[in-house]
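# Understanding the architecture of this molecule
Listed below are the residues making up each chain.
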Amino acid sequence: MLLKLIKYDFREQFKEHIGLYALVLVSALTEIISESFKLDLVSVFIWILHSLSMIAMLICSFVIIVLYFRRNLLKDEGYLMNTLPVEPWMLYVSKFLTAFVLFILDLIVAVLSFSIINHGFAWIGDIIRGMSDEFANAGFTASPVVMFGSIAVISLLYTISILFFSLTTGYRANGSKDAYSVLTFIILYVIGQVANIIVMIFTYFIPLSSKGSITYILTVLNPQEITALMNRVVIGALAVSLILTVVYVAGSIYNMTKKLNLE
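So, here's what we can say about the structure. (Residues numbered from 1 in each chain as written. Predicted model: local features only at pLDDT ≥ 70, side-chain atom pairs only at ≥ 80, totals over all residues. Heavy atoms only, no water.)

### Examining the overall build of the protein
When you go through the protein residue by residue, the secondary structure sums to 9 helices and 0 strands. In sequence order, the protein lays out its α and β elements as α-α-α-α-α-α-α-α-α. In the protein, which comprises 263 residues, the proportion classed as buried is 36%. At a minimum sequence separation of 6, the contacts of the protein that also span at least 24 residues come to 73%. Of the roughly 15000 Å² that the protein leaves accessible, carbon and sulfur atoms contribute 73%. (Helix = DSSP H or I, 4+ residues; strand = E, 2+ residues; numbered from the N terminus. Buried < 20%, exposed > 50% of the residue type's maximum accessible area, 1.4 Å probe, protein only. Contact = heavy atoms within 4.5 Å. Areas by Shrake-Rupley, 256 points an atom, 1.4 Å probe, with all protein chains shown as cover.)

### Description of the layout of surface pockets
Of the pockets and cavities examined, the largest pocket occupies roughly 530 Å³. What lines the largest pocket is a set of 18 residues, and nearest its centre among them are Leu107, Val111, Phe148, Gly149 and Ala152. Mapped onto the lining of the largest pocket, the elements with two or more residues apiece are helix 2 (40-74), helix 4 (88-117), helix 5 (122-138) and helix 6 (144-170). Estimated volume of the second largest pocket: approximately 180 Å³. (1 Å grid on protein atoms, 1.4 Å probe; cavity = no way out; pocket = protein on both sides within 12 Å on 5 of 7 lines; lining within 4 Å. Points joined across faces, edges and corners; volume = space filled by probe spheres on them.)

### Considering the nonpolar core
Ranked by size, the top nonpolar core spans 32 residues in total, and within it Met57, Phe69, Leu73, Leu74, Leu91, Tyr92 and Phe164 carry the most contacts. If you list the elements that add at least two residues to this core, you get helix 1 (2-36), helix 2, helix 4 and helix 6. Take this core: its biggest share by element is 10 residues, from helix 4. The residues contacting methionine 57, other than those within four sequence positions of it, are Leu20, Tyr21, Val24, Asp106, Val109 and Ala110. Core analysis: the second largest hydrophobic core is formed by 8 residues, Tyr158, Phe165, Leu244 and Tyr248 among them. (Core = buried A, V, L, I, M, F, W, Y, C linked by side-chain atoms within 4.5 Å.)

### Quick notes on the packing of aromatic side chains
Within the structure shown, the criterion is met by 9 aromatic pairs. Seen in terms of ring centroids, phenylalanine 10 and phenylalanine 14 are 5.4 Å apart; in terms of plane orientation they differ by 15 degrees. Their pairing is stacked. In this pair, phenylalanine 10 and phenylalanine 14 both sit in helix 1, 4 residues apart, roughly one turn of the helix. Accessibility expressed as a relative area gives 26% for phenylalanine 10, which makes it partly exposed. On the basis of relative accessible area, phenylalanine 14 is assigned to the partly exposed category, the value being 28%. Here tyrosine 92 and phenylalanine 96 contribute two aromatic rings whose centre-to-centre distance is 5.9 Å and whose plane-to-plane angle is 35 degrees, an arrangement assigned as tilted. In this pair, tyrosine 92 and phenylalanine 96 are both assigned in helix 4, 4 residues apart and thus about one turn of the helix distant. One exposure class covers both tyrosine 92 and phenylalanine 96, and it is buried. Among the aromatic residues, those joined into a ring-pair cluster are Phe69, Tyr92, Phe96 and Phe164. (Phe/Tyr/Trp six-rings, centres within 6.5 Å; stacked < 30°, edge-to-face > 60°.)

### Re the side chain of serine 27
Within the secondary structure layout, serine 27 lies in helix 1. The exposure class assigned to serine 27 is buried, which follows from its relative accessible area of 10%. In this structure the side chain of serine 27 is engaged in a polar contact, spanning 2.6 Å, whose partner is the backbone oxygen of valine 24. Other than its neighbours up to four places away in sequence, serine 27 contacts Ile46, His50 and Ser53. (Polar contact = N/O pair within 3.5 Å; in protein donor to acceptor, adjacent residues only side chain to side chain.)

### Considering the packing of helix 4 against helix 6
Between helix 4 and helix 6, whose axes approach to 10 Å, the crossing angle comes to 135 degrees. The angle between helix 4 and helix 6 places the two elements in the oblique class. Where helix 4 crosses over helix 6, the handedness of that crossing is right-handed. Touching Tyr92, Lys95, Phe96, Ala99, Phe100, Phe103, Ile104 and Leu107 of helix 4 are Val153, Leu156, Leu157, Ile160, Ser161 and Phe164, all from helix 6. (Axes fitted to C-alpha atoms, helices over the stretch in contact; angles between N-to-C directions. Parallel < 35°, antiparallel > 145°, perpendicular 65-115°, else oblique. Left-handed = near helix turned anticlockwise from the far one by under 90°.)

### Digging into the side chain of serine 115
Mapped onto the elements of the fold, serine 115 is located in helix 4. There is a polar contact of 2.8 Å between the side chain of serine 115 and the backbone oxygen of valine 111. Residues within four places of serine 115 in sequence aside, it is in contact with Gly120, Phe121, Trp123 and Ile124.

This is the structure in structure tokens:
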């Protein structure tokens, strides 16, 4: 049943994304065509339009996912969805996984559009090789693909979880539920930033300060030690995001199961 829910949710939201993807890809193709005619002013104008279409795609995708979750579970369509013979957690997981896949599709479309403009995928290899060299020179042992891939995936999961938890928490309130949802999101965002600052203090600044004075740090501490501390900061930040993601997912399912009247 979960697979059927995912298929339904993906189909419904993908229909609203097709226009966004077409806009980005068509604008990339238009830029290539304008370059072939060597119309510099027109090319610059179309490049600006392509950049704006990329930004619009990401923003609109974000809005579509949030509004679909709100409409389909918490408002107009919620009554019908919650009469289905499935557990509330399935409804939530379906929305969560669908949102994650759609955000990944956004990134794929963005990469495809840049590949069209750059006449192929060679630019990806150039970026990876350049970053790998910089990472090696800085002393990082992890590859940039692994590091930034992990950051991207965990950040997406964290973003979706905080959005959905804000909505399910806000709709528990009496009065302006949307306003409470926004307020909840702001509070949770601040909590996340504070948690990351605390992690940075304990994984970077306190160990660094234990090395001695600023003069000692600047003159004696070698780059490998700094890199090791930075690795700990990144790992700590990712751990915080993963922990909060689990908390927000569990909280959302709890809200839907115990606190919200969704029938």
